[in-house]
Amino acid sequence: MAPSLFDDHGYQDVPNRETGINLSAADDRTLRMAMPPVDGALLDALVRYQEAFLSHAGSDRGAENLARAHALAQTASGLEARALEQGIAMLRAFGGRRWTARRLDDKLRQLEAASDTSEELRTRVRDELGKQERETVALGRRYGEASLALLREREASLLDLHTRMTGLLSQG
C-alpha cells in the first residue's frame with residue numbers, strides 16, 4: 001500500500017508498514033487518529049466505569065436498570081460519553097481477543113497432553129491461536145502501541161472484568 005497521505009502530517013506514531021492490499025490496516029490507521037491516547041488515568045476511569053456498572057446493574061437486565069447503571073457508572077468514571085464509548089469499545093476488542101486466545105491456549109494444552117487427538121485438530125487450534133495473536137497485535141495499529149502495551153500489562157484483571165461484563169450483558 002502506498003504511504004498514507006497523513007504520514008507527512010504528524011501521524012507517524014502508527015507507521016505504515018503495509019505493502020500489500022490489506023485495507024483493514026488503512027482503516028485501523030484512520031481509526032487510530034480518532035482515538036485519544038490511552039494512559040493509566042484513562043484506563044483507570046474505564047475500569048471504574050465497568051466496576052460501577054456491574055455493581056449498580058446487579059443481575060437485573062431490565063432496560064431501566066441498565067440505563068440507570070450506565071448513568072451512575074459514567075458519573076463514577078468522570079468520562080464524557082465519547083471518550084467512554086471509545087474506551088469501552090477498545091476494552092471489548094482487547095478483552096474478546098485475549099479471552100479467545102486464552103481459551104484456545106487451554107484447548108491446545110489439553111490436546112497436546114492427550115495422546116489420542118489428531119495432529120490435524122492440534123494444527124487447526126494452533127492456527128487459530130496464531131490468528132488471535134496477530135489480531136491482538138493489530139490492535140496496536142488501531143489504538144496505538146503504547147495503549148496496547150498498557151492493556152497487556154493489566155491483561156489478567158481486564159480479562160476478569162471483560163468476563164463479568166460479558167456474563168451480565170449476554171444473559172438471556
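These numbers come from a predicted model, not from an experiment. (Residues numbered from 1 in each chain as written. Predicted model: local features only at pLDDT ≥ 70, side-chain atom pairs only at ≥ 80, totals over all residues. Heavy atoms only, no water.)

**Quick notes on the packing of helix α2 (residues 40-57) against helix α7 (residues 155-169)**
- Across the interface, α2 lies against α7 with an axial gap of 11 Å and an inter-helix angle of 35°. Like other packed secondary-structure pairs, α2 and α7 cross with a definite hand, here left-handed. Residues Leu-43, Val-47, Gln-50, Glu-51, Phe-53, Leu-54 and Ala-57 of α2 form the contact with α7, whose own contacting residues are Leu-158, Leu-161, Arg-164, Met-165, Leu-168 and Leu-169.
- Here the contact of α2 with α7 is composed, by residue class, of 10 nonpolar, 1 polar and 2 charged. (Axes fitted to C-alpha atoms, helices over the stretch in contact; angles between N-to-C directions. Helix = DSSP H or I, 4+ residues; strand = E, 2+ residues; numbered from the N terminus. Left-handed = near helix turned anticlockwise from the far one by under 90°. Contact = heavy atoms within 4.5 Å. Nonpolar A, V, L, I, M, F, W, Y, C, P; charged D, E, K, R; others polar.)

**So, the pattern of salt bridges**
- Evaluation of the coordinates by the stated rule reveals 13 salt bridges.
- Residue Glu-155 is joined to Arg-102 by a salt bridge in which the shortest nitrogen-to-oxygen separation is 3.4 Å. Taken as a pair, Glu-155 in helix α7 and Arg-102 in helix α4 (residues 81-113) lie far apart in primary sequence, 53 residues in all.
- With relative accessibility at 9%, the residue Glu-155 sits in the buried group.
- We classify Arg-102 as partly exposed; its relative accessible area is 37%.
- Across the pair Glu-119 and Arg-122 runs a salt bridge whose closest N-O atoms are separated by 3.3 Å. Of this pair, Glu-119 and Arg-122 both sit in helix α5 (residues 119-143), 3 residues apart, roughly one helical turn.
- Taking relative accessible area as the criterion, Glu-119 reaches 42% and is therefore assigned partly exposed. (Salt bridge = Lys/Arg side-chain N within 4 Å of Asp/Glu carboxyl O. Buried < 20%, exposed > 50% of the residue type's maximum accessible area, 1.4 Å probe, protein only.)

**Describing the confidence of the model for the protein chain**
- Per-residue pLDDT for the protein chain averages 85, and the proportion of residues at 70 or more is 79%.
- Least confident of the elements in the protein chain is helix α1 (residues 23-34), whose mean pLDDT is 63; most confident is α2, at 96. (pLDDT = per-residue confidence, 0-100.)

**Points about the side chain of Glu-155**
- One polar contact links Glu-155 to Arg-102, side chain to side chain, over a distance of 3.4 Å.
- What Glu-155 contacts, discounting residues up to four positions off in sequence, is Phe-94, Arg-98 and Arg-102. (Polar contact = N/O pair within 3.5 Å; in protein donor to acceptor, adjacent residues only side chain to side chain.)

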